[in-house]
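Structural characterization, general
As a plain string of letters, each chain reads:
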Amino acid sequence: MPKWAPNNNVLATIYHEDFQIGYIFISNVIASLFTLIILLPDYIKLKWSFNTELWKKMINYGFPILIAGVAFAINEHFDKILLDWLHVPLAQIGAYSACYKIGMFMVLFRTAYTLGIEPFFFSHAKNENAQKTYAEITKYFVIFGSFMSLAIIVFADVLKIFLVPRKEYWEAMNIVPLIVIANFFLGIYTNLSVWYKLIDKTKIGAYISIIGAIATLVLNFILIPTMSYLGSAIATIIAYGTMMFISYKLGQKKYPIPYEKKKITVYLILSIALSFLSFYIPILRNTFIFGILSLLFFAYFVYKNEKELFAKILKRN
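Notes on the structure follow. (Residues numbered from 1 in each chain as written. Predicted model: local features only at pLDDT ≥ 70, side-chain atom pairs only at ≥ 80, totals over all residues. Heavy atoms only, no water.)

Quick look at a positive patch on the surface
A contiguous patch of positive charge, built from Lys201, Lys203, Lys249, Lys253, Lys254 and Lys261, is present on the exposed surface. Per element, the largest residue contribution to the positive patch is three residues, and it comes from helix H11 (residues 229-254). Assignment of secondary structure puts Lys249 in helix H11. (Patch = residues over 30% accessible without salt bridge, like charges linked within 9 Å, V, L, I, M, F, W, Y side chains within 5 Å. Areas by Shrake-Rupley, 256 points an atom, 1.4 Å probe, with all protein chains shown as cover. Salt bridge = Lys/Arg side-chain N within 4 Å of Asp/Glu carboxyl O. Lys, Arg positive; Asp, Glu negative; His and termini not counted. Charge placed at Lys NZ, Arg CZ, Asp CG, Glu CD. Helix = DSSP H or I, 4+ residues; strand = E, 2+ residues; numbered from the N terminus.)

Written out as C-alpha cells, the structure is:
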C-alpha cells in the first residue's frame, strides 16, 4: 500500500499512512474471506441438522483443548506484553522480538510435524503394536529435532543476517538457543501428549497447559526485573520443559508407552550441550569449525547407535 497508493487514485482514497499494523489484520480478514468463498459451495450442499449427543461429545473433548490453546497463547506471546508492563525499554523489546524470529524454524518444523502426526496417532490407536509405534516415532522426532535445533543454533549468526538485518537488534542473539530448544521441548510435548487424546482425557492437557502458563507468568515477573528479555527466554524454556516432563510422567501411569528413554535422553542432552558450547563460548562461535564438527559428530553418533533403523529404512525404500 505505501508503494502503490501514491500512484493510484483508488488506493490513495483508502490508504491511511498512520494505520500501519492495521493492514496486517485486514490482509488476514481478506484471506479468510477468500477461503470462505471457496468452501461456500460445500456448505450449501450440506443437509443441516443438530445432533445433541454428538455436540456433547465434541464439547467434552474440545473445550479442554480450547482452554489449553488459551494457555498456550499465554506461553507463546505474553512475554512481550509483560516486558512492556515491567518497563523494559522498547528498543530491547524490539531486539528480543526480532531475534525470537530465528527460533521460528523450529516452530515451523514442529507445526508441520504436528499437523501430520496427530491423524496418524488416531488412525493407529486400535492397532496391536500402537504403543511401540508411538515410541519409535517419538525417537525419530527427537533425532531429527535434535539435529535441526543444533544446526539452527550453529548457523544462527548466518541466519541473523537475513532474518534480523538491523545490527542494533543483534544484542539479543543470546536468547536464540533458549528459544530454539524451548520450541523443541514443545514439539516433544506434542508427541508425549498423544495419550490423553487417545483416552479422551483432554482436560489433563488443559491442566498441563495451565501449569505451563502459570510458570511462564510467575517466572517472567521474577526474572524480567533483573534479567530483562533474557528472563523471558529462560521462563519459556523452563515452562515448556516442565510441560514435557509432566506429560511424560502422567502418560506413563495412564497410558504406558515403551519409549527408548536412555537413547532419547542421550540424544537430547548431547545436542543441547553441543549447541550451548558452540554458541556461548566466543572462541568456538567465531569460526563455525566447532559447530560444523558438532553436527558431523552428532550425525555419526546417531548413525552408530541406529544402524539397524537406517538399514530397515533403506531396505523398505
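Things to note about empty space enclosed by the protein
The tally for this structure, following the rule as stated, stands at two cavities of 30 Å³ or more. In terms of lining, the largest cavity is formed by Ile153, Val154, Ala156, Asp157, Ser278, Phe279, Leu284, Arg285, Phe288 and Gly291. Those elements giving two or more residues to the lining of the largest cavity turn out to be helix H6 (130-154), helix H7 (156-163), helix H12 (261-280) and helix H13 (282-285). For the second largest cavity, the full set of lining residues is Leu192, Trp195, Ser247, Tyr248, Gly251, Gln252, Tyr255, Ile257 and Tyr259. The element contributing the most residues to the lining of the second largest cavity is H11, with four residues. (1 Å grid on protein atoms, 1.4 Å probe; cavity = no way out; pocket = protein on both sides within 12 Å on 5 of 7 lines; lining within 4 Å. Points joined across faces, edges and corners; volume = space filled by probe spheres on them.)

What to know about the layout of surface pockets
Reported here for the largest pocket is a volume of approximately 420 Å³. Together, 21 residues line the largest pocket, and Phe72, Glu118, Tyr189, Thr190 and Lys197 are the ones closest to its centre. The set of elements that each furnish at least two residues to the lining of the largest pocket consists of helix H3 (52-85), helix H5 (104-123), helix H8 (176-192), helix H9 (194-198) and helix H10 (202-227). Take the lining of the largest pocket: its biggest share by element is six residues, from H3. Of the residues belonging to the lining of the largest pocket, the class tally is nine nonpolar, nine polar and three charged. Looking at the second largest pocket, its volume works out to about 350 Å³. Forming the walls of the second largest pocket are 15 residues, and the residues nearest its centre are Met244, Tyr248, Ile264, Thr265 and Leu268. Only H6, H8, H11 and H12 provide two or more residues apiece to the lining of the second largest pocket. For the lining of the second largest pocket, the leading source of residues is H12, giving six residues. (Nonpolar A, V, L, I, M, F, W, Y, C, P; charged D, E, K, R; others polar.)

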